[in-house]
Number of protein chains: 2
Amino acid sequence: MRIPLLIAGAISGAIAMTSVFAQAGSTDDSAQATKRYLPEYTESGDLILPKNFHEWVYVGSPLTPNALNGGKANFPEFHNVYIEPGSYAIYKKTGEFPEGTIFFKELQLVLPGQNPDGSRTEASGRGYFPGKFNGADVTVKDSKRYADTGGWGYYNFNHHEPKAATAKVRPKAECAFCHMASAKKDDVWTQFYPLLDN
Amino acid sequence: MRIPLLIAGAISGAIAMTSVFAQAGSTDDSAQATKRYLPEYTESGDLILPKNFHEWVYVGSPLTPNALNGGKANFPEFHNVYIEPGSYAIYKKTGEFPEGTIFFKELQLVLPGQNPDGSRTEASGRGYFPGKFNGADVTVKDSKRYADTGGWGYYNFNHHEPKAATAKVRPKAECAFCHMASAKKDDVWTQFYPLLDN
C-alpha cells in the first residue's frame, strides 16, 4: 500500500486517491490471471532453474520406490509435479499446453522403511512418507527449439541437492522417448494428473 | 501493464515511467506476500469449504495404501497437503503458524494395482500412481475456538467426491488426539514436510 501513496503524491489533476487504488486493484487481478513465468536461458542456451516453483500449481506425485524396482528405480523418490500457473490458466481455457509451458518435477526422498517393500509405519499407518528434497527435472514446451524431441525439452537439475543453477538439454533417448511413447496427452502424463486430464 | 501507463500520463514532475514501473512491481510483491485467505463459517458455525486450495502451497503427500494396512487404512489415498499461502508467508518469517492458518488435505485415489502390495507397473516403474480426487480434510488454527483440541479444528469434507460445501468440527477422539500425540510441531506433521520443518 506504500506505493500508491507515493504515486498519488506526485499526481496532478483529476485522478483521486481512490481511483488509483481501485484501478491498481483491478489490474492486479487480471494480471494475476494471465501473468506467466516463461523459461529463461543462459547466453549459451542452458536452461536457468525456474524460480518460485513451490508457488506453482501442484498436480500429483507418482511414486516408484527402489524396493519395488530391484533397488534400481529410475526415480526412487516421490515425483512432485508442478505446472507454471500462467500456462495452467491458458490450458484450462484451451485444452492445449501453450508454448513456454514449464513442468517442474521436484524429487523428494522417501523416509527409510523397515519393511522389504521399503514402507515404514507411522501414526497414520504403514506406507511411504516424504523426506528431504533430492533435485529436480524440468520440461519446457517449445515446438521449434525442441522439434527433435516432440516439442518439449527435458532437463535434469541434479538428482540430489542442491539443485543445479542451470542445465543442458538431455538427449532424446534419456527422457523424451518414454514421454513420447507412453504419456497420454502431448507427451505429458495427464493420466496421473486429474487437474490436467480434460 | 495498463494502469502504470494511465497513471504515468497523469503524473507531473520528476517521476519517470521507469520508476513507476519498478515501484508498482515491488508493491505487488509485498501485497502478494501478506494477502491471506482466512477461514469462513456459516451462521451456525460450520466451516465453509476453502476456496482455490489448488493454488495454495503444496507441502507433501504421505501414502498409506490399503494393501499395506490389512485393507483398512484410515487414509488409503495419497494425502496431498497444502497450506494457505498467506499463512505460509508468515510462518516462514516467524516459525509459528499464525491464527487462521488453514491446512487442506486433498485425498487422491491410488490407481488400482495388480500386485499384492497394491502397486502397479507403469512406464516409470512399479509403484503407486495418483488417480481421481476423493474428498478432503481441513485443519484450522484458532486457539480460542478450538481450545479443547489443541488449538486446531479438524473437519472432514467427505472422503469421496464431491467435496461437501460445509462441514462440522470433528470430536477430539477422531482426529486431534493423534495429531496431538505424534505430530512434530504444533500438532502439524512437519516431520514429513521439509518446507515446514524449520
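Residues numbered from 1 in each chain as written. Chains lettered and ligands numbered in written order. Predicted model: local features only at pLDDT ≥ 70, side-chain atom pairs only at ≥ 80, totals over all residues. Heavy atoms only, no water.

Would you mind going over the overall build of chain A with me for this structure?
Each helix and strand counted, chain A has four helices and nine strands in total. Its helices and strands in sequence order give chain A the pattern α-α-β-β-β-α-β-β-β-β-β-β-α, from N to C terminus. A buried classification covers 48% of the 198 residues belonging to chain A. When the accessible surface of chain A is summed, it comes to about 9,300 Å², and 56% of that surface belongs to carbon and sulfur atoms. (Helix = DSSP H or I, 4+ residues; strand = E, 2+ residues; numbered from the N terminus. Buried < 20%, exposed > 50% of the residue type's maximum accessible area, 1.4 Å probe, protein only. Areas by Shrake-Rupley, 256 points an atom, 1.4 Å probe, with all protein chains shown as cover.)

What is the right way to look at the state of the cysteines in this model?
Two cysteines form a disulfide when their sulfur atoms are joined by a covalent bond. Residues and elements named next belong to chain B. Within the structure shown, the criterion is met by zero disulfides over all chains. Here Cys178 stays free of any disulfide, with the sulfur of Cys175 as its closest cysteine sulfur at 9.2 Å. On the basis of relative accessibility, which here comes to 18%, the residue Cys178 falls in the buried class. (Disulfide = S-S within 2.5 Å.)

What's the story with the environment of Ser87 of chain A in this structure? I'm lost.
Residue and element names in this part refer to chain A. Mapped onto the elements of the fold, Ser87 is located in helix H3 (residues 85-94). Residue classification places Ser87 among the buried residues on the basis of a relative accessible area of 0%. Residues Ser87 and Thr149, spaced 62 residues apart in sequence, show a C-alpha to C-alpha distance of 20 Å. In this view, Ser87 contacts Arg36, Pro98, Gly100, Thr101 and Ile102; residues no more than four positions away in its chain are not counted. A polar atom in the side chain of Ser87 sits 2.7 Å from the side chain of Glu84. (Contact = heavy atoms within 4.5 Å. Polar contact = N/O pair within 3.5 Å; in protein donor to acceptor, adjacent residues only side chain to side chain.)

Honestly, the pattern of salt bridges in this entry has me stumped. Any pointers?
Proximity of charged atoms lets side chains of opposite charge pair with each other. Counted under the stated rule, the structure contains 20 salt bridges over all chains. The closest approach of N and O atoms between Arg120 of chain B and Glu122 of chain B, which form a salt bridge, is 2.9 Å. Connected through salt bridges with shared partners, the residues Glu106, Glu161 and Lys163 of chain A form a single ionic network. (Salt bridge = Lys/Arg side-chain N within 4 Å of Asp/Glu carboxyl O.)

I would appreciate a short explanation of the sheet that holds strand E3 (residues 78-83) of chain B in the present structure.
By way of backbone hydrogen bonds, the strands of a sheet pair with one another, either parallel or antiparallel. Residues and elements named next belong to chain B. Taking strand neighbours across the sheet as the criterion, the five strands line up as E2-E3-E4-E7-E8 in an open arrangement whose pairing is antiparallel. In this open sheet, the two strands that pair with only one neighbour each are strand E2 (57-60) and strand E8 (152-156). Neighbour-to-neighbour, the strand axes of this sheet turn through a mean angle of 30 degrees, independent of strand direction. Two elements, E2 and E3, share three bridges in a ladder whose sense is antiparallel. Opposite Val57, over in E3, you have Ile83 as the bridge partner. (Pairing = 2+ DSSP bridges. Axes fitted to C-alpha atoms, helices over the stretch in contact; angles between N-to-C directions.)

Explain unusual backbone geometry here, please?
With the exception of glycine, most residues fall at negative phi, and the peptide bonds are largely trans. Residues and elements named next belong to chain A. Residue Pro162 is reached from Glu161 by a cis peptide bond, and omega for that bond is -5 degrees. Considering the arrangement of structural elements, one finds Pro162 in the loop between strand E8 (152-156) and strand E9 (166-167). In the Ramachandran plot, Asn158 falls in the positive-phi region, its phi being about 90 degrees despite a non-glycine side chain. Mapping Asn158 onto the fold places it in the loop between E8 and E9. Taking the relative accessible area as the measure of exposure, Asn158 reaches 23% and is therefore partly exposed.

Whenever I open this one, the confidence of the model for chain A confuses me. Can you help?
In regions of low pLDDT, the predicted coordinates are not meant to be interpreted in detail. All names here are of chain A. Scored by pLDDT, chain A has a mean of 87; 83% of the residues are at 70 or more. Of the regions scoring below 50 in pLDDT, residues 1-31 engages in 35 contacts with residues more than four places distant in sequence or in other chains. Overall fold confidence (pTM) sits at 0.84, and the ipTM for the predicted complex is 0.84. (pLDDT = per-residue confidence, 0-100.)

Quick question: what am I supposed to make of H3 of chain A here?
Residues separated by three or four positions in an α-helix point in the same direction, a consequence of the helix having 3.6 residues per turn. Residue and element names in this part refer to chain A. If you check which residues of H3 are buried, you get Gly86, Ser87, Tyr88, Ala89 and Tyr91. The N-terminus of H3 is capped by Glu84, whose side-chain oxygen sits 2.9 Å from the backbone nitrogen of Gly86. Once H3 finishes, Gly95 follows within two positions and takes phi at roughly 75 degrees, a positive value.

When you look at the sheet that holds strand E3 (residues 78-83) of chain A in this model, what are you seeing that I'm missing?
Residue and element names in this part refer to chain A. The strand order across the open sheet built from five strands is E2-E3-E4-E7-E8, with neighbouring strands paired in antiparallel fashion. A single partner strand is all that each edge strand has here, and the edge strands are strand E2 (57-60) and E8. Between one strand and the next, the sheet's axes are offset by a mean angle of 30 degrees, whatever the strand orientation. For strand E7 (residues 130-141) and E8, the ladder comprises five bridges, and the chain directions are antiparallel. Within the sheet, the bridge partner assigned to Val140 lies in E8 and is Gly153.

How should I be thinking about the side chain of Lys163 of chain A in this particular structure?
All names here are of chain A. Tracing the backbone shows Lys163 in the loop between E8 and E9. At 2.7 Å, the side chain of Lys163 and the side chain of Glu106 are in polar contact. Among the polar contacts listed, one links the side chain of Lys163 to the side chain of Glu161, at a separation of 2.9 Å. Beyond its immediate stretch of four places on either side in the chain, Lys163 contacts Leu49, Phe53, Phe104, Glu106, Phe133, Gly135, Ala136, Phe157 and Asn158.

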